[in-house]
Amino acid sequence: MTGEALSPPSVSESDAGSKTVKSPAMVECLHLHKAYGRGRGVFHDVDVRIHRGEFVCLTGPGGSGKTTFLNLLTGQETPDSGIVLVDGVNVQTLGEQKLARFRQRIGVVYQDLKLVPNWTVFENVALPLIALSKGEAFARQRVGQVLSSLRLQGKKTAVCERLSEGERQRTAVARALVHNPILILADEPTAHLDNQDEALVWGLLRNAHLAGTTIIITCHQAPGIEMQEAMYRLQICEQRLVRHGVALPRQPVC
Amino acid sequence: MTQIRYITKHLRESLHTSALALLMSLLALSFSFLLLGICGLALARQEALIPDWLAPNTVTAYLDVRSREPDQDRMVKDIANWPEVELVQLVTSKQAQEQLKAVLGRWKGVLEGLDEEFLPPSLQIRLKPEAVKAEAAGEVAVRLRQMPLVVEILYGKEHWEWLQSLAGQWTNIWMVLGAILILVSILIISNAVRLVFAYRKTEVHVYRLVGATPFVVKLPYVVEGILLGSVAGSLAAGVLVLLGAHVHRVLPAFWGAALGWTSWESAALVAGLVGCGAACGWLGTWMGLSKSP
């Protein structure tokens, strides 16, 4: 099954001057083109719609554009042509101020984690709450809660550069969850985790999904069978996104 | 962790990681503000910096060559009673010629054959020390001019006016110098902040990715720049206040009195330099971060 056929949504001008689109979709891409130089095309005329509350696993071989897709959604990269709408907002048209406000509503686990190495786990995880100007008491309580759920409560004051790969990955996941975002984008969030921690992270993502959060992850390995029931797969195949039903097969086929 | 705690942490880390750069900037800034303070003081007290002893204290009135001795003596008595006058001395034509011969020395022969009274008699009027001011000499000159036997008056008016015009030029010089120093201070702060910003680019990048607005990202750097400027201003003001308190012990009496500033001036100096430091800090940070990616 290919991605849904899309008609351009109605575009309206909001009070703030940015173009917002009223749509049930959390993510919409219209005629998306992206290439890194000649002959290095990543996406070609991609139309895709991801509805609110969906759990999507983005798969594809290495270098197929999974991270690029997430970067397009966070506004770190811009498409060569086409539109990328996230929560009704055309990310590419946002100014610095509005892009920051937009990013406050999403949680991202980056492939290279993007933690501040000389900061403690607590400080790294609390960063989105500082950006949101949350009070100290709330920050302490919320960060403590998230760290406990990721078995990191004992590492609260540990400096990130001294943590193991797995602990740093869990710290990055904690940072993506701490401010209860409406959309979680996770680039291989379990890549460096052992089975126990992997199950822990999947469990947290599942809980966030059950609470209504839209989740888009990229992964090489298929998650456990209980997760497969909750998500569907978007596979990057020949510069297009191909949607595969509700259940996620263990061996992706291109 | 609130914004304030984040800013405090930021400052602590900057002091730790960029200590040398910040110290060098602080020293350079303090020196710049010290010079700026001196400029300000010079601007405020430039009239006091022109010593009164440069003002004319002697007025010479040349009399008509035909004037007679009794008239001259009467004039001396009259003038001696004027309140500004300390001493009046009559120099007759003969005395003037003798003085000229003494000045010419072995060239005095050039005066041979000239009339004994070719030089006019004159009155040398010395003013009292408390009245030594340009106005006093001017007033004496005006009164002398009204006397019938007086033909010419000399009291160094041109010299004094030249000094005064120089003082007027100083205003511009101090102001230009002050503007240059302010610009230099802004550039120093701008570079210091840019250096710290570049050192922390990973943190800034991550902070932006999690949704920090430009204002929130830049706030700690603005605080840092303002603090840097204020501390440098305080240091410079402290040095100047100390200098003001002790300058009269080091310098000769006149300069000591002219440069030793009052407590009111000291307070204005501290407020001015700290305020100027804070303003330069804000401007410098704004300038430094406007070019940062």
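One structure accompanies this document, and this report is about it. It should be emphasised that the depicted structure is a prediction, and the values quoted were computed from it without experimental measurement.

Reading the values: the criteria
- Residues numbered from 1 in each chain as written.
- Chains lettered and ligands numbered in written order.
- Predicted model: local features only at pLDDT ≥ 70, side-chain atom pairs only at ≥ 80, totals over all residues.
- Heavy atoms only, no water.
- Helix = DSSP H or I, 4+ residues; strand = E, 2+ residues; numbered from the N terminus.
- Buried < 20%, exposed > 50% of the residue type's maximum accessible area, 1.4 Å probe, protein only.
- Contact = heavy atoms within 4.5 Å.
- Areas by Shrake-Rupley, 256 points an atom, 1.4 Å probe, with all protein chains shown as cover.
- 1 Å grid on protein atoms, 1.4 Å probe; cavity = no way out; pocket = protein on both sides within 12 Å on 5 of 7 lines; lining within 4 Å.
- Points joined across faces, edges and corners; volume = space filled by probe spheres on them.
- Phe/Tyr/Trp six-rings, centres within 6.5 Å; stacked < 30°, edge-to-face > 60°.
- Lys NZ or Arg CZ within 6 Å of the ring centre and 35° of its normal.

### What about the overall build of chain A?
Piece 1. For chain A, the count of helices and strands is seven helices and twelve strands.
Piece 2. Per-residue burial for chain A yields a buried fraction of 54% across its 254 residues.
Piece 3. Restricting to contacts in chain A with at least 6 residues of sequence separation, those with at least 24 account for 66%.
Piece 4. Split by element, the accessible area of chain A, about 11200 Å² in all, is 50% carbon and sulfur.

### Some remarks on empty space enclosed by the protein
Piece 1. The tally for this structure, following the rule as stated, stands at two cavities of 30 Å³ or more.
Piece 2. Here the largest cavity is characterised by a volume of approximately 70 Å³.
Piece 3. The wall of the largest cavity is formed by A:Arg103, A:Ile106, A:Gly107, A:Val108, A:Tyr110, A:Pro128, A:Arg175, A:Ala176, A:His179, B:Leu209 and B:Val210.
Piece 4. The set of elements that each furnish at least two residues to the lining of the largest cavity consists of strand 8 (106-109) and helix 5 (165-177) of chain A.

### With respect to the packing of aromatic side chains
Piece 1. Under the counting rule described, the total for this entry stands at four aromatic pairs over all chains.
Piece 2. Ring geometry for B:Tyr6 versus B:Tyr207: centroids 4.9 Å apart, planes at 50°, classification tilted. Residue B:Tyr6 is found in helix 1 (residues 3-17), and its partner B:Tyr207 is found in helix 7 (residues 201-209); the two are separated by 201 residues along the sequence.
Piece 3. Judged by its relative accessible area of 2%, B:Tyr6 is buried.
Piece 4. Residue B:Tyr207 is classed as buried on the basis of its relative accessible area of 1%.
Piece 5. Each residue in the set A:Trp119, B:Tyr6 and B:Tyr207 is aromatic and connected to the rest through ring pairs, giving one cluster.
Piece 6. Above the face of the A:Phe138 ring, A:Lys134 is positioned so that its terminal group lies 5.5 Å from the ring centre.

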